[in-house]
Amino acid sequence: MTVSSANTELPLRDLLPGGADLKIEEASDGHAVITVDRTRLLGVLEALRDRPELKCNLLADVCGVDYPDREDRFEVVYHLASLEHLHRFRVKVPVAEGDAVVPSAYGVYKAADWFEREAYDMFGIRFEGHPNLKRILTHDAFQGHPLRKDYDPGQRWFLTDAETMVPEWATATSEDDDQFETQVLNLGPSHPATHGTLRTVVRLDGEVITRAECEIGYLHRCFEKMSETHGWQQVIPYTDRLNYCSSMMNGVGYALAAEHMLGVEAPPRAQVVRVILSELSRVMDHCVCLGANLVDLGALTNFWYFFQPREEIYGLLEACAGGRLTVSYARIGGLAHDVPADFVERVRFLLGYIPKFIDDVDKLVTRNRIFRDRTEGVGVISGEEALAWGWTGPCLRASGVPYDVRRAWPYMGYQDYDFEVPVATTGDTYARYLVRMEEMRQSLRIVEQALERLPDGPVITDNHHVALPPKSKVYSEMESLIWHFKLIYEGIKIPAGDGYFFTEGANGELGYYLVSDGGGKPYRIKVRPPCFAVFQTYPHMLVGHMVADSIAIMGSLNIIAGELDR
Amino acid sequence: MRQPDGSSSVLTTKVDAMLGWVRKNSLWPLPFGTACCAIEFMSVVSAHYDLARFGAEVVRFSPRQSDLMIVAGTITDKMAPVVKKIYGQMAEPKYVISMGACACTGGFYRAYHVVQGVDELVPVDVYVPGCPPTPEALMHGVLKLQDMIQRGETHYDRLKREHRASTA
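Nothing here was measured: the structure is a model prediction, and the numbers come from that model.

Observations regarding the overall build of chain B
Here's step 1: Looking only at helices and strands, chain B has 6 helices and 4 strands in total.
Here's step 2: Taken from the N to the C terminus, the helices and strands of chain B come in the order α-β-α-β-α-β-α-β-α-α.
Here's step 3: Based on the C-alpha atoms only, the size of chain B along its principal axes is roughly 70 × 45 × 25 Å.
Here's step 4: Across the 168 residues of chain B, 51% fall into the buried class.
Here's step 5: Within chain B, counting contacts between residues at least 6 apart in sequence, those at least 24 apart form 75% of the total.
Here's step 6: Roughly 7,600 Å² of accessible area belongs to chain B as shown, and the carbon and sulfur atoms make up 56% of that amount.

Comments concerning the pattern of salt bridges
Residue and element names in this part refer to chain A.
Here's step 1: This model, assessed by the stated rule, comprises 44 salt bridges over all chains.
Here's step 2: The salt bridge partner of R49 is D50, with a shortest N-O separation of 2.9 Å.
Here's step 3: In this structure D50 comes out as partly exposed when scored by relative accessible area, which is 46%.
Here's step 4: Residue E490 is joined to K493 by a salt bridge in which the shortest nitrogen-to-oxygen separation is 3.5 Å.
Here's step 5: Taken together, the shared-partner salt bridges in this structure form one network comprising E279, R282, R397, D404, R406, E439 and E504.

Regarding the state of the cysteines
Here's step 1: Using the criterion set out here, one finds 0 disulfides over all chains in the structure.
Here's step 2: You can see C102 of chain B has no disulfide; the closest cysteine sulfur is in C131 of chain B, sitting 5.5 Å from it.

What about helix α15 (residues 429-452) of chain A?
Here's step 1: For α15 of chain A, built from 24 residues, the straight-helix expectation of 34 Å at 1.5 Å per residue is met to within 8% by its first-to-last C-alpha distance of 36 Å.
Here's step 2: α15 of chain A sits mainly inside the fold: 18 of its 24 residues count as buried.

Describing the packing of aromatic side chains
Residues and elements named next belong to chain A.
Here's step 1: Scanning the model with the defined rule gives 28 aromatic pairs over all chains in all.
Here's step 2: Considering the side-chain rings of Y353 and F357, the 5.0 Å spacing of their centres and the 55° angle between planes classify their relative orientation as tilted. Of this pair, Y353 and F357 both sit in helix α10 (residues 343-366), 4 residues apart, which is roughly one turn of that helix.
Here's step 3: Among the residues examined, Y353 registers a relative accessible area of 15% and is labelled buried.
Here's step 4: Taken together, the ring pairs in this structure connect W114, F115, F532, F535 and Y538 into an aromatic cluster.
Here's step 5: We note R88 situated over the ring of W409; from NZ or CZ to the ring centre the distance is 4.5 Å.

Each value, and the rule that gives it
- Residues numbered from 1 in each chain as written.
- Chains lettered and ligands numbered in written order.
- Predicted model: local features only at pLDDT ≥ 70, side-chain atom pairs only at ≥ 80, totals over all residues.
- Heavy atoms only, no water.
- Helix = DSSP H or I, 4+ residues; strand = E, 2+ residues; numbered from the N terminus.
- Buried < 20%, exposed > 50% of the residue type's maximum accessible area, 1.4 Å probe, protein only.
- Contact = heavy atoms within 4.5 Å.
- Areas by Shrake-Rupley, 256 points an atom, 1.4 Å probe, with all protein chains shown as cover.
- Salt bridge = Lys/Arg side-chain N within 4 Å of Asp/Glu carboxyl O.
- Disulfide = S-S within 2.5 Å.
- Expected span 1.5 Å × (residues − 1).
- Phe/Tyr/Trp six-rings, centres within 6.5 Å; stacked < 30°, edge-to-face > 60°.
- Lys NZ or Arg CZ within 6 Å of the ring centre and 35° of its normal.

Structural data, given as structure tokens:
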């Protein structure tokens, strides 16, 4: 997850246009940080993408940060990665409030599409040349830009009209072939197959989709603003509700990020428990994704088969954390408390119990004629195209790109586990199904190995800048009492600075860009939600498909609204 | 009541009680699921917990076919008009269960884009607390609603009585 500092060996100043007077630093998270003037931004991004020594093929994230005290109030931050050379870059572009315009990176990386719209929505930074720059998360009646520091977190604007977001092309009369009438159809946001709160407007020629546009933000519950009003530790319950199908992994990712900023490490036992519960969460997540996808295709039985092992995993999580779905079990510095005494037996039981259900579905579905006819060749995307759109995770691996954070930038000791990264080549809905099925089995393999090496010992660090001292000591030692008092009153203080940290979530690269001003509350937390990048491609994938296919494709992408809209 | 010849039995009751009994045992829920609670709702209707035991398993995604709206998840200002519209499309008698902290009060999202309780938008009969509520809690909510239907205490019954009083 942290990147080795291989970047420093690169002659960046020679490789980038106008490199001589660029500000280039090596950040503590291993990123090379390039601060660039907006006039030269596109040149730098193109060089980062095209130079064979750099070859940054993934634009992971674009976000804004507001520094009201600086002369240039806003900063647009780009995170780039090269999956070939395994190095990472952070590009920062400062802009002034009166003239907050930045050239759009959409022409260089398509992935910038929705990320730039979000930065516009949240900060009011305009991206010149963006094809469709309008609000994305908030609604039509919203005023102001909520992530600016001077925006009151509780200031609401009311929307009364349900008929919002009708794209211009949807109301225009059909152009060329007037022999047949085209029809505009609205899918969602309350639709059984939209998995929560997604909305798509499609134009149909007969039954074939000729154009589509998505509207998201129906579950935008202000995660990033809320986290700025809470302490670092208090953010963990909010992270649970990002990808709520595998909430453990979000908390672990966030805790790891904060630990890196603090320079502390969770004890070995906590690391291994985190691995076990994260991998079981991955299994749960894939169960929901595949189960729901199959229901939408009419294969209801598999949904029941997949929900049974989930219940058992829930039982384990409940025994560990107290909550079934939103566990809040990870803490900065370790875990909330130790696992129950029968933890190992319960996990062993799960290891024997879960494969049966995966096999059942495998037998029912994998070679099923109807299923294959409905998924093979549907929603095809090439590996190159998927990367350009910023895809990561199982969806990207289904298109033949073997990028898995656990392999490329191992964290929590993943380098010591023996597991395969399943890759398919066809990039269609069927391939995404196959990859997820195999990933569940691989996750169980990891759990099995982790169980073998589960060490004894504490589950939270003894650094009392971060973790509370044990209660018995608080009652008996003055120093512990002071630590307790300080930590409760002031919270964890993370040294000023910023860092981008990422883990392999169930949907792909789950990144946290943390900015701290040294206080007890985060200055800015930007989540890089993996399915945000995936879903921005969805309207483009639909063209040429039938309406029924759109449902199959959406299910296979595993779009979780909590993570998408935050 | 058995007939003297033993052929059939007769039960005397009030029409409202009879209707209440019928209605409470055949609730057709519309899951208005938006977030985490919707995942727990899936658990409730799945095999392990099985809401079918209480006669409420016929989940319908069309508001026109259902009489119980279960608001499961955070409602945002962007979603608010949709909730109202969907509720308006349901035929009477109709009931609402607000599932989870967000639907009840906005939960821990006291924020610029979140409705602070779905009762800002539609009348709610039963509030189920929890973040998310456990499946048992939701079932308890359904059972409570069944009681209320039987006793004629739901929002719908109240409106009906008021309407009768005003037209009498």
